[in-house]
Amino acid sequence: VVSSSLKYAEGRGLIEKNPMQFVKLPSVEKENGRAMTNEEISAMWAVAKRDRVGSIALPLLLGTGMRKGELLGLEWSDIDLEEGTITINKSWTNVGGKGTLCPPKTKSSYRSITLPTELIALLRAYRNSKDGQGRTYVIGQTRADKRVSPNNFDRSFHKWRDRAGVSKDIHPHCTRHTYCSVMSERGVEAVDLKLLTGHTDTRMLDRVYIHARSNEKKVKAVAKFEGFLMETMGA
(Lines give C-alpha, C1' and ligand atoms only; values in the text may rest on other atoms or scores of the structure.)
Protein backbone atom coordinates (compact mmCIF):
# COMPACT_ATOMS: atom_id res chain seq x y z
CA VAL A 1 0.00 0.00 0.00
CA VAL A 2 2.80 2.41 0.92
CA SER A 3 4.72 1.53 -2.23
CA SER A 4 1.67 2.06 -4.44
CA SER A 5 0.99 5.44 -2.81
CA LEU A 6 4.56 6.63 -3.28
CA LYS A 7 4.63 5.35 -6.86
CA TYR A 8 1.52 7.42 -7.54
CA ALA A 9 3.18 10.46 -5.94
CA GLU A 10 6.27 9.91 -8.10
CA GLY A 11 4.13 9.76 -11.22
CA ARG A 12 2.45 13.03 -10.29
CA GLY A 13 5.84 14.67 -9.76
CA LEU A 14 5.23 15.19 -6.05
CA ILE A 15 8.40 13.30 -5.12
CA GLU A 16 11.55 12.67 -7.14
CA LYS A 17 11.76 8.90 -6.63
CA ASN A 18 9.79 6.17 -4.88
CA PRO A 19 12.05 5.07 -1.99
CA MET A 20 10.12 1.82 -1.55
CA GLN A 21 11.74 0.37 -4.69
CA PHE A 22 14.96 -0.03 -2.70
CA VAL A 23 13.31 -1.95 0.16
CA LYS A 24 13.96 -5.71 0.08
CA LEU A 25 11.44 -7.76 2.02
CA PRO A 26 12.54 -11.01 3.70
CA SER A 27 11.15 -14.16 2.17
CA VAL A 28 8.41 -15.71 4.28
CA GLU A 29 7.38 -19.32 4.05
CA LYS A 30 3.61 -19.27 4.24
CA GLU A 31 1.65 -22.10 5.80
CA ASN A 32 -1.21 -22.83 3.43
CA GLY A 33 -2.94 -25.39 5.60
CA ARG A 34 -4.02 -28.95 4.91
CA ALA A 35 -7.11 -31.05 4.47
CA MET A 36 -8.73 -32.69 7.47
CA THR A 37 -9.08 -36.45 7.67
CA ASN A 38 -12.48 -38.10 8.07
CA GLU A 39 -11.55 -38.97 11.65
CA GLU A 40 -10.73 -35.34 12.45
CA ILE A 41 -13.98 -34.13 10.90
CA SER A 42 -16.01 -36.64 12.94
CA ALA A 43 -14.21 -35.74 16.17
CA MET A 44 -14.70 -31.99 15.67
CA TRP A 45 -18.35 -32.41 14.70
CA ALA A 46 -19.02 -34.40 17.88
CA VAL A 47 -17.94 -31.29 19.83
CA ALA A 48 -19.13 -28.48 17.53
CA LYS A 49 -22.70 -29.78 17.14
CA ARG A 50 -23.28 -29.10 20.85
CA ASP A 51 -22.33 -25.44 20.35
CA ARG A 52 -24.86 -22.85 19.09
CA VAL A 53 -22.51 -21.44 16.43
CA GLY A 54 -20.60 -24.64 15.74
CA SER A 55 -23.75 -26.62 14.96
CA ILE A 56 -24.21 -24.65 11.74
CA ALA A 57 -20.82 -23.02 11.09
CA LEU A 58 -18.80 -26.23 10.74
CA PRO A 59 -21.26 -27.91 8.32
CA LEU A 60 -21.38 -24.70 6.23
CA LEU A 61 -17.60 -24.46 5.99
CA LEU A 62 -17.13 -28.13 5.16
CA GLY A 63 -20.20 -28.37 2.93
CA THR A 64 -19.51 -25.33 0.73
CA GLY A 65 -15.79 -24.58 0.90
CA MET A 66 -16.52 -20.91 1.57
CA ARG A 67 -13.93 -18.71 3.24
CA LYS A 68 -14.31 -17.76 6.90
CA GLY A 69 -15.09 -14.12 6.02
CA GLU A 70 -17.76 -15.23 3.55
CA LEU A 71 -19.35 -17.39 6.23
CA LEU A 72 -19.38 -14.60 8.81
CA GLY A 73 -20.82 -12.18 6.25
CA LEU A 74 -23.79 -14.42 5.45
CA GLU A 75 -27.31 -13.11 5.97
CA TRP A 76 -30.41 -15.26 5.77
CA SER A 77 -31.46 -13.21 2.74
CA ASP A 78 -28.40 -14.64 0.93
CA ILE A 79 -29.77 -18.18 1.29
CA ASP A 80 -32.55 -19.64 -0.85
CA LEU A 81 -33.54 -22.91 0.77
CA GLU A 82 -36.16 -23.64 -1.87
CA GLU A 83 -33.59 -23.40 -4.67
CA GLY A 84 -30.85 -24.79 -2.43
CA THR A 85 -28.35 -22.01 -3.07
CA ILE A 86 -26.17 -19.53 -1.19
CA THR A 87 -25.15 -16.23 -2.78
CA ILE A 88 -21.68 -14.98 -1.85
CA ASN A 89 -21.52 -11.20 -2.22
CA LYS A 90 -19.63 -9.90 0.85
CA SER A 91 -17.09 -10.80 3.50
CA TRP A 92 -16.89 -9.97 7.22
CA THR A 93 -13.15 -9.54 7.72
CA ASN A 94 -10.79 -8.44 10.48
CA VAL A 95 -9.45 -4.99 9.58
CA GLY A 96 -7.54 -2.99 12.18
CA GLY A 97 -8.53 -5.39 14.92
CA LYS A 98 -12.28 -5.28 14.31
CA GLY A 99 -14.84 -6.85 11.99
CA THR A 100 -15.37 -4.90 8.77
CA LEU A 101 -17.77 -5.60 5.92
CA CYS A 102 -15.81 -5.88 2.68
CA PRO A 103 -16.40 -7.10 -0.87
CA PRO A 104 -15.44 -10.74 -1.55
CA LYS A 105 -11.72 -11.43 -2.02
CA THR A 106 -11.75 -11.35 -5.84
CA LYS A 107 -14.17 -10.72 -8.69
CA SER A 108 -14.47 -14.50 -9.09
CA SER A 109 -15.50 -14.80 -5.44
CA TYR A 110 -18.94 -13.38 -6.26
CA ARG A 111 -20.81 -16.63 -6.87
CA SER A 112 -23.79 -18.83 -6.16
CA ILE A 113 -23.11 -22.11 -4.34
CA THR A 114 -25.41 -25.10 -4.76
CA LEU A 115 -26.05 -26.76 -1.41
CA PRO A 116 -26.05 -30.50 -0.71
CA THR A 117 -29.39 -31.87 0.48
CA GLU A 118 -28.12 -32.60 4.01
CA LEU A 119 -26.97 -29.00 4.43
CA ILE A 120 -30.31 -27.61 3.26
CA ALA A 121 -32.05 -29.69 5.95
CA LEU A 122 -29.60 -28.47 8.63
CA LEU A 123 -30.06 -24.84 7.61
CA ARG A 124 -33.85 -25.12 7.58
CA ALA A 125 -33.87 -26.68 11.05
CA TYR A 126 -31.45 -24.05 12.38
CA ARG A 127 -33.43 -21.14 10.92
CA ASN A 128 -36.60 -22.45 12.59
CA SER A 129 -34.89 -22.97 15.96
CA LYS A 130 -34.74 -20.35 18.73
CA ASP A 131 -31.16 -19.57 17.66
CA GLY A 132 -32.18 -18.71 14.11
CA GLN A 133 -35.68 -17.27 14.32
CA GLY A 134 -35.93 -13.53 13.68
CA ARG A 135 -32.23 -13.21 12.99
CA THR A 136 -30.56 -11.26 10.19
CA TYR A 137 -27.20 -13.00 10.33
CA VAL A 138 -26.63 -16.72 9.97
CA ILE A 139 -23.62 -16.68 12.30
CA GLY A 140 -24.82 -14.23 14.90
CA GLN A 141 -24.05 -13.23 18.45
CA THR A 142 -26.01 -14.75 21.32
CA ARG A 143 -27.54 -11.63 22.85
CA ALA A 144 -27.75 -9.34 19.83
CA ASP A 145 -28.64 -9.56 16.16
CA LYS A 146 -25.07 -8.79 15.14
CA ARG A 147 -22.32 -10.65 13.33
CA VAL A 148 -19.74 -12.64 15.30
CA SER A 149 -16.31 -11.01 15.14
CA PRO A 150 -13.60 -12.90 13.18
CA ASN A 151 -11.39 -13.09 16.28
CA ASN A 152 -14.17 -14.56 18.42
CA PHE A 153 -15.00 -17.08 15.71
CA ASP A 154 -11.35 -18.19 15.60
CA ARG A 155 -11.39 -18.70 19.35
CA SER A 156 -14.56 -20.80 19.11
CA PHE A 157 -13.14 -22.90 16.26
CA HIS A 158 -9.93 -23.58 18.19
CA LYS A 159 -11.99 -24.53 21.24
CA TRP A 160 -13.91 -27.16 19.23
CA ARG A 161 -10.65 -28.42 17.76
CA ASP A 162 -8.82 -28.68 21.10
CA ARG A 163 -11.75 -30.34 22.88
CA ALA A 164 -11.93 -32.86 20.03
CA GLY A 165 -8.24 -33.66 20.40
CA VAL A 166 -7.53 -32.61 16.81
CA SER A 167 -4.06 -31.45 15.78
CA LYS A 168 -3.36 -27.75 16.41
CA ASP A 169 -2.33 -27.17 12.80
CA ILE A 170 -6.03 -27.27 11.89
CA HIS A 171 -7.59 -23.80 11.57
CA PRO A 172 -10.78 -22.46 9.91
CA HIS A 173 -9.22 -22.16 6.44
CA CYS A 174 -8.38 -25.89 6.53
CA THR A 175 -12.09 -26.57 5.95
CA ARG A 176 -11.71 -24.99 2.50
CA HIS A 177 -8.75 -27.26 1.79
CA THR A 178 -10.86 -30.19 2.97
CA TYR A 179 -13.80 -29.31 0.72
CA CYS A 180 -11.53 -29.02 -2.34
CA SER A 181 -9.76 -32.29 -1.57
CA VAL A 182 -12.96 -34.26 -0.99
CA MET A 183 -14.54 -32.89 -4.17
CA SER A 184 -11.41 -33.90 -6.10
CA GLU A 185 -11.49 -37.38 -4.53
CA ARG A 186 -15.07 -37.74 -5.75
CA GLY A 187 -14.17 -36.91 -9.33
CA VAL A 188 -15.11 -33.23 -9.55
CA GLU A 189 -12.94 -31.56 -12.19
CA ALA A 190 -10.81 -28.57 -11.17
CA VAL A 191 -12.54 -26.34 -13.74
CA ASP A 192 -15.91 -26.99 -12.02
CA LEU A 193 -14.44 -26.73 -8.53
CA LYS A 194 -13.06 -23.31 -9.45
CA LEU A 195 -16.62 -22.03 -9.97
CA LEU A 196 -17.82 -23.47 -6.66
CA THR A 197 -14.96 -22.02 -4.61
CA GLY A 198 -14.55 -18.68 -6.39
CA HIS A 199 -10.94 -19.18 -7.39
CA THR A 200 -9.65 -17.16 -10.34
CA ASP A 201 -8.09 -20.19 -12.04
CA THR A 202 -7.35 -23.88 -11.43
CA ARG A 203 -3.63 -23.48 -10.73
CA MET A 204 -4.14 -22.40 -7.13
CA LEU A 205 -6.47 -25.36 -6.58
CA ASP A 206 -3.95 -27.85 -7.92
CA ARG A 207 -0.96 -26.28 -6.21
CA VAL A 208 -2.38 -25.39 -2.80
CA TYR A 209 -5.87 -26.68 -2.03
CA ILE A 210 -6.14 -30.25 -3.28
CA HIS A 211 -4.42 -32.75 -0.98
CA ALA A 212 -4.18 -36.51 -0.83
CA ARG A 213 -5.99 -37.31 2.42
CA SER A 214 -5.05 -41.00 2.43
CA ASN A 215 -3.14 -43.62 0.46
CA GLU A 216 -6.33 -44.78 -1.27
CA LYS A 217 -5.60 -43.00 -4.56
CA LYS A 218 -2.06 -44.34 -4.65
CA VAL A 219 -3.31 -47.89 -4.03
CA LYS A 220 -5.88 -47.53 -6.83
CA ALA A 221 -3.24 -46.13 -9.16
CA VAL A 222 -0.91 -49.05 -8.49
CA ALA A 223 -3.83 -51.47 -9.01
CA LYS A 224 -4.34 -50.00 -12.48
CA PHE A 225 -0.66 -50.58 -13.15
CA GLU A 226 -0.85 -54.24 -12.13
CA GLY A 227 0.17 -56.56 -14.92
CA PHE A 228 1.92 -53.88 -16.99
CA LEU A 229 5.43 -55.13 -16.28
CA MET A 230 4.43 -58.73 -16.86
CA GLU A 231 2.72 -57.87 -20.13
CA THR A 232 5.49 -55.70 -21.52
CA MET A 233 8.68 -57.07 -19.98
CA GLY A 234 7.82 -60.64 -19.08
CA ALA A 235 8.85 -59.85 -15.51
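Chemist: For the pairing of strand S3 (residues 91–95), give the residues involved together with the corresponding values.
Modeler: For S3 and strand S4 (residues 98–102), the ladder comprises five bridges, and the chain directions are antiparallel. If you follow Val95 over to S4, its bridge partner there is Lys98. Counted along the chain from S3 to the antiparallel partner S4, the turn is two residues long, and its residue Gly96 has a positive phi close to 65°.

Chemist: Provide a residue-level description of the environment of Ile88, including the pertinent values.
Modeler: Of note, Ile88 is situated in strand S2 (residues 85–88). Placed 21 residues apart in sequence, Ile88 and Ser109 show a C-alpha to C-alpha distance of 7.2 Å. Apart from residues no more than four positions distant in its own chain, Ile88 is found in contact with Met66, Glu70, Leu74, Ser109, Tyr110, Arg111 and Ile113.

Chemist: Explain the packing of helix H7 (residues 174–185) against helix H8 (residues 190–197) to me, using residue names and the numbers behind them.
Modeler: Between H7 and H8, the shortest axis-to-axis distance is 10 Å and the interhelical angle comes to 150°. Here H7 is positioned roughly antiparallel relative to H8, judged by the angle of their axes. H8 is crossed by H7, and the crossing has right-handed handedness. Between H7, through Arg176, Tyr179, Cys180 and Met183, and H8, the contact on the second element is made entirely by Leu193, Leu196 and Thr197. Class assignment for the residues of the contact of H7 with H8 results in five nonpolar, one polar and one charged.

Rules behind the numbers
Residues numbered from 1 in each chain as written. Predicted model: local features only at pLDDT ≥ 70, side-chain atom pairs only at ≥ 80, totals over all residues. Heavy atoms only, no water. Pairing = 2+ DSSP bridges. Helix = DSSP H or I, 4+ residues; strand = E, 2+ residues; numbered from the N terminus. Contact = heavy atoms within 4.5 Å. Axes fitted to C-alpha atoms, helices over the stretch in contact; angles between N-to-C directions. Parallel < 35°, antiparallel > 145°, perpendicular 65-115°, else oblique. Left-handed = near helix turned anticlockwise from the far one by under 90°. Nonpolar A, V, L, I, M, F, W, Y, C, P; charged D, E, K, R; others polar.

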